[in-house]
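Here is what each chain is made of, one letter per residue.
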Amino acid sequence: MASYNKVILMGNLTRDPKLSYLPSNTPVVEISLAVNHKWKTQDGQQREDVCFIECNSFGRQAETINQYLRKGQPILIEGRLQLDQWEAQDGSKRSKHRVHIDRFTFVGGNQQQGGGGYNAPQGTPPQQQQPPQQQGGYAPPPQQQAPPPAAPPAAPPAEPPAAQAPPPSSYDDQAGGEDIPF
């Protein structure tokens, strides 16, 4: 039987990322997203639902998310849904779905920098605002300035086509070279 498990979400962080390390020193970050859904009812009222989703990421991606994102900032994630199951202290079995982030994209722009694909934390020096490339994830495209528009090549001044004298005709000879208007 074939299976497919892919989740794509865009929302805002509900809290600052929480970075921790596994016993193997692998970084892991936990974030929570708020994803809104707006619609109009039949009587014309605006309604809105908010869905809160727990997400996690490992490795260099985890460190990048922790370094560049804060509560309230938007992020686009791609990942897979996984079910966590555990036994609570009272002995009851508990479970929760979460999204394991495979890739992410910074969304929005830094108002001071005029855009750039993500919001850098306040006080971050400009040379550190581009996150390093991480394996397995998206990174914002490098900012490139558009080259100045190329000037059109200078065309030589247009000259009228060379006037060619019509071949002499017997009529011209008789009229003495004058043009006779018709």
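Before going into details, it helps to say that this report is about the structure given with it. Owing to the predicted nature of the structure, the values given are computational and were not obtained by experimental measurement. (Residues numbered from 1 in each chain as written. Predicted model: local features only at pLDDT ≥ 70, side-chain atom pairs only at ≥ 80, totals over all residues. Heavy atoms only, no water.)

### Observations regarding the overall build of the protein
Rules: Here a strand is any run of E in DSSP of at least two residues, a helix any run of H or I of at least four, and the numbering for each starts at the N terminus. For every residue, the accessible area obtained with a 1.4 Å probe (protein chains only) is divided by the maximum for its type, and the residue is called buried under 20%, exposed over 50%, and partly exposed between those limits.
Check the secondary structure of the protein and you find two helices and six strands. Reading the helices (α) and strands (β) of the protein from amino to carboxyl end gives β-β-β-β-α-β-β-α. Burial status across the protein gives 27% buried among its 182 residues.

### Structural notes on the pattern of salt bridges
Once their charged atoms are close, side chains differing in charge can pair, the charge on each being opposite to the other. Put simply, the rule is: When a carboxyl oxygen of Asp or Glu lies within 4 Å of a side-chain nitrogen of Lys or Arg, that pair is called a salt bridge.
All chains considered together, the criterion is met by six salt bridges. For Lys 6, the salt bridge goes to Glu 78, with nearest N and O atoms at 2.7 Å. Highlighted residues: Lys 6 in the segment before β1 (7–13) and Glu 78 in strand β5 (residues 74–87), separated in sequence by 72 residues. Since its relative accessible area comes to 39%, Lys 6 is described here as partly exposed. Of the charged contacts in the structure, one is a salt bridge between Glu 78 and Arg 103, with a shortest N-O distance of 3.6 Å. Pair noted here: Glu 78 is in strand β5 and Arg 103 is in strand β6 (residues 93–106), with a separation of 25 residues, a long-range link.

### Thoughts on the pairing of β6
The two faces of the sheet receive side chains in turn, since in a regular strand these alternate between them. Worth spelling out the cut-off: At least two DSSP bridges between two strands are required for those strands to pair.
Pairing analysis gives two bridges linking strand β4 (residues 46–58) to β6, with the strands arranged parallel. In the sheet register, Cys 55 faces β6, and the bridge partner there is Val 99. Where β5 and β6 come together, 13 bridges link them in antiparallel fashion. Bridge pairing links Leu 81 to Val 99 in β6. Counting the residues between successive antiparallel strands, the hairpin from β5 to β6 contains five residues, one of them, Gly 91, with a positive phi of roughly 95 degrees.

### Here's the deal with the environment of Arg 94
The cut-off we apply is this: Residues are treated as being in contact if the distance between any of their heavy atoms lies within 4.5 Å.
Along the chain, the position of Arg 94 falls in strand β6. The class for Arg 94 is partly exposed, based on a relative accessible area of 46%. It is 8.3 Å that separates the C-alpha atoms of Arg 94 and Asp 84, two residues lying 10 residues apart in sequence. Excluding residues that lie within four positions of it along the chain, Arg 94 makes contacts with Asp 84, Gln 85, Trp 86 and Ala 88.

### Notes on the nonpolar core
Just so we agree on the cut-off: Residues belong to a common nonpolar core when they are buried Ala, Val, Leu, Ile, Met, Phe, Trp, Tyr or Cys residues joined through side-chain atoms within 4.5 Å.
Core analysis: the biggest nonpolar cluster contains 19 residues, and Leu 33, Cys 55 and Ile 77 have the highest contact counts within it. In this structure, Cys 55 is in contact with Val 29, Glu 30, Ile 31, Leu 33, Ile 77, Arg 98, Val 99 and Ile 101, ignoring residues within four places of it in sequence.

### As for the state of the cysteines
This is how the line gets drawn: By convention in this document, the label disulfide applies to cysteine sulfur atom pairs within 2.5 Å.
Under the definition given, this model contains zero disulfides. Here Cys 51 is not disulfide-linked; the sulfur of Cys 55 is the nearest cysteine sulfur, at 10.0 Å. For Cys 51, a relative accessible area of 42% gives the class partly exposed.

### What to know about the side chain of His 100
By secondary structure assignment, the location of His 100 is in strand β6. Excluding anything up to four places from it in sequence, His 100 contacts Asn 56, Phe 58, Glu 78, Gly 79, Arg 80 and Gln 82.

### Notes on the environment of Glu 63
Structurally, Glu 63 can be placed in helix α1 (residues 60–68). Glu 63 sits in the partly exposed class, given a relative accessible area of 26%. Put simply, Glu 63 and Pro 27 are 36 residues apart on the chain and 6.7 Å apart in space, counted from C-alpha to C-alpha. Discounting residues that sit within four places of it in the chain, Glu 63 has contacts with Tyr 21 and Pro 27.

### Quick notes on the pairing of β4
With 13 bridges connecting them, strand β3 (residues 27–40) and β4 associate as antiparallel partners. Note that in β4 the partner of Asn 36 across the bridge is Val 50. Linking β3 back to β4 in an antiparallel pair, the connection comprises five residues, with Gly 44 at a positive phi of about 90 degrees.

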